[in-house]
Amino acid sequence: MERQRSFSVKSTRVLAFIITTISSAIVFFTFFSSSLIKSNSSLYPTPDSNFQIDLSPIAAISAVSDSSVSPQPSPILISAHFNSPENTSGSSKISVFEQKIRGESLVKEVREIANLTSIKVIELPSNNGEEKTKKRIEECDVTKGKWVYDSDYPLYTNASCPFIDEGFGCQSNGRLDLNYMNWRWEPQDCDAPRFNATKMLEMIRGKRLVFVGDSINRNQWESMLCLLFQAVKDPKRVYETHNRRITKEKGNYSFRFVDYKCTVEFYVTHFLVREGRARIGKKRRETLRIDAMDRTSSRWKGANVLVFNTAHWWSHYKTKSGVNYYQEGDLIHPKLDVSTAFKKALQTWSSWVDKNVDPKKTRVFFRSAAPSHFSGGEWNSGGHCREANMPLNQTFKPSYSSKKSIVEEVLKQMRTPVTLLNVSGLSQYRIDAHPSIYGTKPENRRSKAVQDCSHWCLPGVPDTWNHFLYLHLLHKR
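Along each chain, numbering runs from 1 in the same order as the chain's sequence is written. Side-chain atom pairs in this predicted model are given and counted only at pLDDT of 80 or more, local residue features only at pLDDT of at least 70, and totals for whole chains, interfaces and linings cover all residues. Side-chain descriptors were evaluated using all non-hydrogen atoms of the structure, hydrogens and water having been removed beforehand.

Where do I start with the pairing of strand β9 (residues 262-268) in this structure?
Type-normalised accessible area, obtained with a 1.4 Å probe on protein chains alone, sets the label of each residue: buried when under 20%, exposed when over 50%, and partly exposed for intermediate values. The helix count covers DSSP runs of H or I at least four residues long, the strand count covers runs of E at least two residues long, and both are numbered beginning at the N terminus. Counting buried positions over the seven residues of β9 gives seven, a clear majority of the element. Here β9 shows no split at all, with Cys262, Val264, Phe266 and Val268 on one side and Thr263, Glu265 and Tyr267 on the other all buried. The pairing criterion for strands is at least two bridges between them, as found by DSSP. For strand β6 (residues 208-213) and β9, the ladder comprises six bridges, and the chain directions are parallel. When the sheet's bridge partners are listed, Gly213 is paired in β9 with Val268.

Listed below in structure tokens is the structure:
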């Protein structure tokens, strides 16, 4: 009887010891797991035999492949496999959530714990192949993208902006299909912040924003005036400093935004270099001094933001033929190729910029050539674009201008940093956005045969050019 009692006591003690040990192990494992989980995030595994933990910062992952390995540091997916003979199809549910991982030390810690607990670590691309990771706007090429229809556009109208001259006011001139106003350029690699007129005005507070170039640059300048005007509470606080009215005629303008103590100016010059006249034989003829700057260049000095362009007029008959037209000093070239003349003119301009612009005080931009969309002839020979009311589709491939390559070559040789506003490719899609016959009011329209397929209706494509300018200034790119 004594032996039996002794055995019973020993068995009870052993059983108590085993229970205590198991309980302690469970408590320790629970505490250890809880600490690990809290250091990353709360985990919610499913009761199924397999579960996965997705730590992707971009998107939830719903399928896993052991062969999905990224050569770059990537998000971690932890897959703990509990072998279950009842489920061999691999169709168990997956618990998915999002969490951001910061630092390589955490990744290393997860891997070490995974090794200790027989958890399989699989590195996956952050998007699981479904959507490309968006880049930061500072690293993004905003010229790569597509036109998307946006019901929040336009950002202004012909009625809300008093600065649109007759040539660009298509709606005011009777155009009825207004879808051209609703297209917004969407970069493919990043989410670009939208144009904010108040922020733009704050960036140029107390400064001079100056556009220099031909009528296409006036197109962009008027767009900028309209965009900024929408943020002004009192319209009387914006005025032209010389009381000039904007017209197609040659002229220079300076609009002051009183509350921001800034001016938005435009100086017309077709070529950036000097147009003049010289005696050729017995007659004085027009020439282009490709070695001398435009006479208005002294007024550009001191600007805080300079936006240049020239391209449109280099395709005219005189410039293309190059016969007795280009002048250097007293020499008038009997014949000079237009590409050579264009490069010489740009080198004259670049020398002026390097000599007269302080990069610490002034940002310099050069806008690339904007395309024309004449069909069946040129502007003076029956060329037209009236029937176009939609952008060209994505199968269209924009062409590369030889002038753009010359511009890029000259900019690389400059001491002063100059940002190229590359608008050529994206603008080539917008065959629908030109004034066509709506560049004049119906009562002033001489003939439907004369159409404008070079300039742009406002609101319209130049708003996107100014959006690019805004992004560069906003992020100091």
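That covers the picture; the talk isn't over yet.
What is the right way to look at the pattern of salt bridges in this model?
Proximity of charged atoms lets side chains of opposite charge pair with each other. We define a salt bridge as a side-chain nitrogen of Lys or Arg found within 4 Å of a carboxyl oxygen belonging to Asp or Glu. All told, the structure shown has 15 salt bridges when counted by the stated rule. Between Asp150 and Arg194 there is a salt bridge; the shortest N-O distance is 2.8 Å. You can see Asp150 sitting in the loop between β4 (145-149) and β5 (183-187) and its partner Arg194 sitting in the loop between β5 and α3 (197-203), a full 44 residues away along the chain. On the accessibility criterion, Asp150 (7% relative accessible area) is buried. Taking the relative accessible area as the measure of exposure, Arg194 reaches 39% and is therefore partly exposed.

Where do I start with the state of the cysteines in this structure?
A covalent bond bridging the sulfur atoms of two cysteines is what the word disulfide describes. Our working definition of a disulfide is a cysteine sulfur pair at a distance within 2.5 Å. Summed over all chains, the structure comprises four disulfides. Between the sulfur of Cys170 and that of Cys457 lies a disulfide, 2.0 Å long from S to S. Linking Cys170 and Cys457, the disulfide has an S-S dihedral of approximately -90° and is accordingly described as left-handed. Of this pair, Cys170 sits in the loop between β4 and β5 while Cys457 is found in the loop between α8 (424-428) and α9 (461-475), placing the two residues 287 residues apart along the sequence. Comparing Cys170 with Cys457, the two get one shared label, buried.

Would you take a moment to explain helix α4 (residues 215-229) for this structure?
It helps to recall that an α-helix has 3.6 residues per turn; residues three or four apart then point in one direction. In a regular helix each residue adds 1.5 Å, so 15 residues correspond to 21 Å; α4 covers 21 Å between its end C-alpha atoms and thus fits that length. Most of α4 is tucked away: 15 of the 15 residues are buried. Between the side-chain oxygen at the start of α4 and the backbone nitrogen of Ile216 there is a gap of 3.0 Å, and the oxygen is on Asp214. Here the expected length of a helix is defined as 1.5 Å per residue gap, with one fewer gap than residues. Polar contact criterion, stated in full: a pair of N or O atoms within 3.5 Å, where within protein one must be able to donate a hydrogen and the other to accept it, and residues adjacent in sequence count only if both atoms are side-chain atoms.

What should I look at first to understand the sheet that holds β9 in this one?
The strands making up a sheet associate through backbone hydrogen bonding, with each pair oriented either parallel or antiparallel. Judged by pairing direction, the sheet is mixed, and its seven strands sit side by side in the order β7-β8-β9-β6-β12-β15-β16 without closing on themselves. Unpaired on one side and paired on the other, β7 (238-240) and β16 (418-421) mark the two borders of the sheet. Pairs of neighbouring strands in the sheet enclose a mean axial angle of 20°, with direction left out of account. By the bridge criterion, three bridges tie β7 to strand β8 (residues 253-257) in an arrangement that is antiparallel. Bridge pairing links Tyr239 to Arg256 in β8. The contact rule is simple, with two residues in contact once any of their heavy atoms fall within 4.5 Å. Simply put, an axis is a line fit to the C-alpha atoms, just over the touching stretch for a helix, and the angle between two N-to-C directions goes from 0 to 180 degrees. Together, β15 (363-367) and β16 form the strand contacts of helix α7 (residues 402-412), whose direction differs from that of β16 by roughly 165°.

How should the confidence of the model for the protein chain be read in this particular structure?
Segments scoring low in pLDDT should not have their predicted coordinates read at a detailed level. Scored from 0 to 100, pLDDT reflects the predictor's confidence in each residue. Confidence along the protein chain averages 79 in pLDDT terms, with 71% of residues attaining 70 or more. Below pLDDT 50 for its whole length, residues 36-130 participates in 127 contacts with residues either more than four positions away or in separate chains.

How should I be thinking about the packing of aromatic side chains in this particular structure?
By convention here, two paired aromatic rings are described through the distance between centres and the angle between planes. To pair, rings of Phe, Tyr and Trp, with the six-membered ring standing in for Trp, must have centres within 6.5 Å; the planes then decide the type, stacked if under 30 degrees apart, edge-to-face if over 60, and tilted in the middle. Here the structure, examined in full by the defined rule, presents 19 aromatic pairs. Relative to Phe266, the ring of Trp221 lies with its centre 5.6 Å away and its plane at 25°, an arrangement referred to as stacked. Placement of the pair is Trp221 in helix α4 and Phe266 in strand β9, with a sequence separation of 45 residues. The two residues Trp221 and Phe266 agree in class, both being buried. The interplanar angle of 90° and the centroid separation of 5.2 Å between the aromatic rings of Phe271 and Trp314 together place this pair among those described as edge-to-face. Placement of the pair is Phe271 in the loop between β9 and β10 (273-280) and Trp314 in the loop between β12 (305-308) and α5 (317-321), with a sequence separation of 43 residues. Through a chain of ring-to-ring contacts, the aromatic side chains of Phe163, Trp221, Phe229, Tyr253, Phe255 and Phe266 assemble into a single cluster.

Looking at this model, I keep getting lost on the pairing of β10. Mind explaining?
The sheet contact formed by β10 and strand β11 (residues 283-293) spans eight bridges and is antiparallel. Within β11, the position partnered with Arg279 by the bridge is Arg284. The turn joining β10 and β11, which pair antiparallel and follow one another in sequence, is formed by two residues; a positive phi near 70° is taken by Gly281.

Teacher, can you tell me more about the packing of helix α6 (residues 338-356) against α7 here?
When two helices pack together, their arrangement is captured by the angle between the axes and the distance separating the axes. Put simply, α6 and α7 touch, their axes get as near as 10 Å, and they point 35° apart. Crossing of α6 against α7: the hand is right-handed. Across from Ser339, Phe342, Lys343, Leu346, Gln347, Trp349 and Ser350 in α6, the residues of α7 making contact are Lys403, Ile406, Val407, Glu409, Val410 and Leu411. Crossing handedness follows the turn of the near helix against the far one: under a right angle anticlockwise gives a left-handed crossing, and clockwise gives a right-handed one.

So what exactly am I meant to see when it comes to the side chain of Ser436 here?
Among the secondary structure elements, Ser436 is positioned in the loop between α8 and α9. Since its relative accessible area comes to 6%, Ser436 is described here as buried. Reaching out from Ser436, the side chain makes a polar contact with the backbone nitrogen of Arg386 at a distance of 3.4 Å. Those residues within four positions of Ser436 in sequence are excluded, and the remaining contacts are Cys385, Arg386, Gln451 and Asp452.

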